[in-house]
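These are the residues of each chain, in order.
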Amino acid sequence: SQQGEEDPQALSIQEGENATMNCSYKTSINNLQWYRQNSGRGLVHLILIRSNEREKHSGRLRVTLDTSKKSSSLLITASRAADTASYFCAPTENSGGSNYKLTFGKGTLLTVNP
Amino acid sequence: ETGVTQSPTHLIKTRGQQVTLRCSSQSGHNTVSWYQQALGQGPQFIFQYYREEENGRGNFPPRFSGLQFPNYSSELNVNALELDDSALYLCASGRGFKTDTQYFGPGTRLTVL
């Protein structure tokens, strides 16, 4: 199975600004998911984008997927202090062998300052 | 809130002891997965159960074992605890064994002294 690599490792912005996080992966995917984790808590599913989709929106979140570059980005617009969390991407392989598990990188730690 | 619950919230054990962690899946879900998250790392897949059978396993030794019950609740058992087992243990439930959306519980923080 493959692991997504999030970039940057840490990001600090002011409330109201936009935050962009990137994810790169190595092999073809079935879908790619983004999750958020508040400090020391469980992960919350944010959005799932399938390999045949290029862009998806959910509230203040916008996710793009470029399968030719094997990369995805998560944009949070008009950030709030409550968006402070770690963000993880989880690309899921196209092959049937291991598409039962999520594989996470180290995540991007986003800090939104009031 | 995802509807997935875990118990206990925190646990302290000593090296060599055994521990059992519990997870109650979201209603309607028949798959449960367990993950270990060390400090500063992303969650690492331990194993998944689908309809009470182990469906897949990550790179964890046999002293990590699990059970899934007919009501789809689940246990993670760890024998012969080591200091490196100190971590946040997360369970996640889903519909079917394919990796669409997974719903995570709040986790159990295990400290091994």
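Residues numbered from 1 in each chain as written. Chains lettered and ligands numbered in written order. Predicted model: local features only at pLDDT ≥ 70, side-chain atom pairs only at ≥ 80, totals over all residues. Heavy atoms only, no water.

**Notes on the overall build of chain A**
Next, step 1: The helix and strand tally for chain A stands at zero helices and ten strands.
Next, step 2: Taken from the N to the C terminus, the helices and strands of chain A come in the order β-β-β-β-β-β-β-β-β-β.
Next, step 3: For 114 residues, the compact-globule formula gives about 13 Å, and the C-alpha radius of gyration of chain A, at 14 Å, lands near that figure.
Next, step 4: For chain A, the C-alpha atoms occupy an extent of roughly 45 × 30 × 20 Å along the three principal directions.
Next, step 5: Looking at chain A as a whole, 46% of its 114 residues qualify as buried. (Helix = DSSP H or I, 4+ residues; strand = E, 2+ residues; numbered from the N terminus. Rg over C-alpha atoms; globule rule 2.2 N^0.38 Å. Buried < 20%, exposed > 50% of the residue type's maximum accessible area, 1.4 Å probe, protein only.)

**Section: the pairing of strand 7 (residues 64-68) of chain B**
Residue and element names in this part refer to chain B.
Next, step 1: By the alternation rule, side chains of strand 7 split into F64, G66 and Q68, which are all buried, and S65 and L67, of which none is buried.
Next, step 2: Sheet analysis places strand 7 next to strand 8 (residues 74-78), joined by five bridges and oriented antiparallel. When the sheet's bridge partners are listed, S65 is paired in strand 8 with N77.
Next, step 3: Linking two consecutive strands that pair antiparallel, namely strand 7 and strand 8, is a turn of five residues; a positive phi of about 70 degrees is found at Y72 within it. (Pairing = 2+ DSSP bridges.)

**Let's talk about the layout of surface pockets**
Next, step 1: Of the volumes computed, that of the largest pocket is approximately 320 Å³.
Next, step 2: As for the largest pocket, its lining consists of 17 residues, of which A:Q37, A:S39, A:G40, A:S86 and B:Q37 are closest to the centre.
Next, step 3: For the lining of the largest pocket, the element with the most residues is strand 9 (residues 85-93) of chain A, which contributes three residues. (1 Å grid on protein atoms, 1.4 Å probe; cavity = no way out; pocket = protein on both sides within 12 Å on 5 of 7 lines; lining within 4 Å. Points joined across faces, edges and corners; volume = space filled by probe spheres on them.)

**Notes on the confidence of the model for chain B**
Next, step 1: Looking at chain B as a whole, the pLDDT averages 92, with 96% of positions reaching at least 70.
Next, step 2: Between the elements of chain B, mean pLDDT differs from a low of 89, seen in strand 6 (residues 53-57) of chain B, to a high of 98, seen in strand 11 (residues 108-112) of chain B. (pLDDT = per-residue confidence, 0-100.)

**Considering the nonpolar core**
Considering soluble globular proteins, one finds that nonpolar side chains tend to be buried as a cluster.
Next, step 1: Residues A:L32, A:W34, A:L74, A:I76, A:Y87 and A:L110 are the most contacted members of the largest nonpolar core, which totals 21 residues.
Next, step 2: Among the elements of the structure, strand 3 (19-24), strand 4 (29-37), strand 5 (43-50), strand 7 (61-66), strand 8 (71-76), strand 9 and strand 10 (108-113) of chain A are those that each provide at least two residues to this core.
Next, step 3: Counting 20 residues, the second largest nonpolar core, distinct from the first, contains B:L21, B:L76, B:L81 and B:L110. (Core = buried A, V, L, I, M, F, W, Y, C linked by side-chain atoms within 4.5 Å.)

**Thoughts on the interface of chain A and chain B**
Next, step 1: Each side of the interface is counted separately: chain A has 20 residues, and chain B has 24 residues.
Next, step 2: When chain A packs against chain B, close to 1800 Å² is buried across both sides, 52% of that on carbon and sulfur atoms.
Next, step 3: On inspection of chain A and its partner chain B, the count reaches zero salt bridges.
Next, step 4: Here chain A and chain B share six residue pairs in polar contact (both at pLDDT 80 or more) between them. (Contact = heavy atoms within 4.5 Å. Buried area = accessible area lost by both parts, 1.4 Å probe. Salt bridge = Lys/Arg side-chain N within 4 Å of Asp/Glu carboxyl O. Polar contact = N/O pair within 3.5 Å; in protein donor to acceptor, adjacent residues only side chain to side chain.)

**A word on the state of the cysteines**
Next, step 1: Across all of its chains, the model carries two disulfides over all chains by this definition.
Next, step 2: Here A:C23 connects covalently by a disulfide to A:C89, the sulfurs 2.0 Å from one another. Between A:C23 and A:C89, the S-S torsion sits near 70 degrees, and that sign places the bridge as right-handed. Here the residue A:C23 occupies a position in strand 3, and A:C89 occupies one in strand 9, the gap between them amounting to 66 residues.
Next, step 3: Through a disulfide, B:C23 is tied to B:C91; the S-S separation comes to 1.9 Å. An S-S torsion of about 70 degrees defines the bridge between B:C23 and B:C91 as right-handed. With a gap of 68 residues between them, B:C23 in strand 3 (residues 19-24) and B:C91 in strand 9 (residues 87-94) connect regions that are remote in the sequence.
Next, step 4: Classification of B:C23 as buried rests on a relative accessible area of 4%. (Disulfide = S-S within 2.5 Å.)

**Things to note about the packing of aromatic side chains**
Next, step 1: Evaluation of the coordinates by the stated rule reveals nine aromatic pairs over all chains.
Next, step 2: For the pair A:Y35 and A:F104, a centre-to-centre distance of 5.8 Å together with 80 degrees between the ring planes defines the contact as edge-to-face. With A:Y35 in strand 4 and A:F104 in the loop between strand 9 and strand 10, this residue pair connects regions lying 69 residues apart in the sequence.
Next, step 3: Among the residues examined, A:Y35 registers a relative accessible area of 0% and is labelled buried.
Next, step 4: Taking the relative accessible area as the measure of exposure, A:F104 reaches 1% and is therefore buried.
Next, step 5: Ring centres 5.7 Å apart and planes at 70 degrees place the aromatic pair B:Y35 and B:F45 in the edge-to-face group. Residue B:Y35 is located in strand 4 (residues 31-37), and its partner B:F45 is located in strand 5 (residues 44-50); the two are separated by ten residues in the primary sequence. We note that B:Y35, like B:F45, is buried. (Phe/Tyr/Trp six-rings, centres within 6.5 Å; stacked < 30°, edge-to-face > 60°.)

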